[in-house]
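Letter by letter, the chains look like this.
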Amino acid sequence: MSRVSLKSAREIEAMRRAGALVAETFRVLDPFVKPGVTLAELDRIAEEHIRKAGATPAYLGYGPRNNPFPATICASVNEVICHGIPDGRELKEGDIIGVDIGVLMDGVYGDACYTYTVGRVTPEIQALVDTTREALTAGLGVVRPNARTGDIGHAIQTLAEGRGYGVVREYTGHGIGKRLHEEPTIYHHGARYTGLKLQPGMVFTIEPMINLGRPETRLLDDRWTVITADKLPSAQFEHTLVVTPRGHEILTL
């Protein structure tokens, strides 16, 4: 537990700026997420914007030396849960795409994910996306001093499973600061009153991945792309937040 660092006011202010750049990059991408655009084009637009702001893409080159992540954004379409690698694939009407953006700015990280609908989607898919967004809101809603990490997972799991969806277990939220992944681990399932007690100054992500079908996952041969085992669609939303004396502040709005 001692490994969880509490951030200083100066660090939180720097993370606020990094988070604002992440949010701004989503706004820049918004008009381009439509049928016919390639994932590689979205990646190029995001990288250009991040670098122009004087920051570095957090994911580009991240990971093991023999298999670093090769792009600026994660672009996860339909049955891809997370860590999708942008390529020449074109988006088409009815797709959903989870875009995950991380930046390193002034020595600290910002990290968030947003699932876009491409053109018109079916009511079933829209309900999945809406529920995933609501699951993130439910998780955020319990974050305050003396709450516990299990409360976050319980709120997300109760909402999503209550509507018949699968909650991914293997991929989690995480502490963030001078490193992209720090303690604590934030599970998106769990029991109330369990886990680490939250304190002001803790900074972490909540990023539920909710599947239309079963919760099980499969890692593809590229050792990055994670898909649903049943090949049904998955959605994800994520924010970086700081625990404050009275509750929390989202740093990636």
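Keep in mind that this is a model prediction, so the values were computed, not measured. Sequence positions are assigned chain by chain, starting from 1 and proceeding in written order. With pLDDT at 70 or above as the cut-off, local features in this predicted model cover only qualifying residues; side-chain atom pairs require 80 or more to be listed or tallied, and sums for whole chains, interfaces and linings still use all residues. Values reported for side chains reflect all heavy atoms of the structure, with hydrogen atoms and water molecules removed beforehand.

Chemist: Just checking my understanding: could you explain the nonpolar core for this structure?
Modeler: Most often, soluble globular proteins keep nonpolar side chains buried together rather than apart. Among the nonpolar cores identified, the biggest contains 41 residues, and L29, L42, L91, I97, V99 and I101 are the most heavily contacted of them. Where helices and strands are cited, they refer to DSSP runs of H or I of at least four residues and of E of at least two residues respectively, numbered from the N terminus. Every element with two or more residues in this core is listed here: α1 (9–29), α2 (39–52), β2 (73–77), β4 (96–105) and β5 (108–117). It is α1 that provides the largest number of residues to this core, a total of eight residues. Any two residues whose heavy atoms approach within 4.5 Å are treated as being in contact. Setting aside anything within four residues of it in sequence, one finds L29 in contact with L42, I45, A46, V99, I101 and Y116. For the purposes of this section, nonpolar cores are sets of buried Ala, Val, Leu, Ile, Met, Phe, Trp, Tyr and Cys residues that join through side-chain atoms within 4.5 Å. Only protein chains enter the area calculation, which uses a 1.4 Å probe; residues under 20% of their type maximum are buried, those over 50% are exposed, and those in between are partly exposed. Listed in part, the 28 residues of the second largest apolar core include I96, I125, V143 and I156.

Chemist: In this structure, what is going on with the environment of G61? I would like to understand it.
Modeler: The residue G61 is located in the loop between β1 (56–57) and β2 in this model. Separated by 59 residues in the primary sequence, G61 and R120 place their C-alpha atoms 34 Å from one another. If sequence neighbours within four positions are ignored, G61 has contacts with P68 and F69.

Chemist: Can you help me understand the packing of α1 against α2 in this one?
Modeler: Two quantities define a packed helix pair, namely the angle between the helix axes and the distance between the axes. Every axis corresponds to a line fitted to the C-alpha atoms, with the helix fit spanning only the stretch in contact, and the corresponding angles, defined between N-to-C directions, vary from 0 to 180 degrees. In the contact formed by α1 and α2, the axes pass within 10 Å of each other and the chain directions differ by 140°. By the angle between their directions, the pair α1 and α2 is classed as oblique. Crossing geometry of α1 relative to α2 is assigned as right-handed. Facing α1, whose interface residues are L21, E24, T25, V28 and L29, α2 presents L42, I45, A46, H49 and I50. Amino acids outside the nonpolar list (Ala, Val, Leu, Ile, Met, Phe, Trp, Tyr, Cys, Pro) and the charged list (Asp, Glu, Lys, Arg) are all regarded as polar, and Gly is one of them. Taken together, the residues that form the contact of α1 with α2 break down as seven nonpolar, two polar and one charged. Comment on the angle field: the value is read as roughly parallel under 35 degrees, roughly antiparallel over 145, roughly perpendicular from 65 to 115, and oblique elsewhere. Two helices crossing with the near one rotated counterclockwise from the far one by less than a right angle form a left-handed crossing, whereas a clockwise rotation gives a right-handed crossing.

Chemist: Before we go on, may I ask you to explain the sheet that holds strand β3 (residues 80–82) in this structure?
Modeler: Think of a sheet as strands paired side by side through backbone hydrogen bonds, with each pair either parallel or antiparallel. Spatially, the three strands line up as an open sheet ordered β3-β12-β11, and their pairing is antiparallel. Looking at the sheet topology across the chains shown, the edges are occupied by β3 and β11 (217–219). Adjacent strand axes in the sheet meet at a mean angle of 40°, parallel and antiparallel pairs treated alike. Strand pairing requires that DSSP identify at least two bridges connecting the strands. Examined bridge by bridge, β3 and strand β12 (residues 226–228) share two bridges and lie antiparallel to one another. Residue pairing for β12: C82 is matched across the bridge by V226.

Chemist: Looking at this model, I keep getting lost on the sheet that holds strand β13 (residues 234–236). Mind explaining?
Modeler: In spatial order, the strands read β6-β10-β13; together these three strands make up an open sheet with antiparallel pairing. Edge positions in the open sheet fall to β6 (166–167) and β13, since each of these has one partner strand only. Both strand β10 (residues 209–211) and β13 contribute to a ladder of three bridges, which runs antiparallel. What sits directly across from M209, in β13, is Q236. Together, β10 and β13 form the strand contacts of helix α3 (residues 123–141), whose direction differs from that of β13 by roughly 35°.

Chemist: Is there a simple way to think about the side chain of H49 in this case?
Modeler: Here H49 shows up in helix α2. The residues contacting H49, other than those within four sequence positions of it, are L21, E24, T25 and V28.

Chemist: Before we go on, may I ask you to explain the environment of Y109 in this structure?
Modeler: Within the secondary structure, Y109 is located in strand β5. Owing to a relative accessible area of 14%, Y109 belongs among the buried residues under this scheme. Along the backbone, Y109 and G175 are 66 residues apart, and their C-alpha atoms lie at a distance of 10 Å. Excluding residues that lie within four positions of it along the chain, Y109 makes contacts with M15, A18, A58, V103, L104, I176, G177, K178, R179 and L180.

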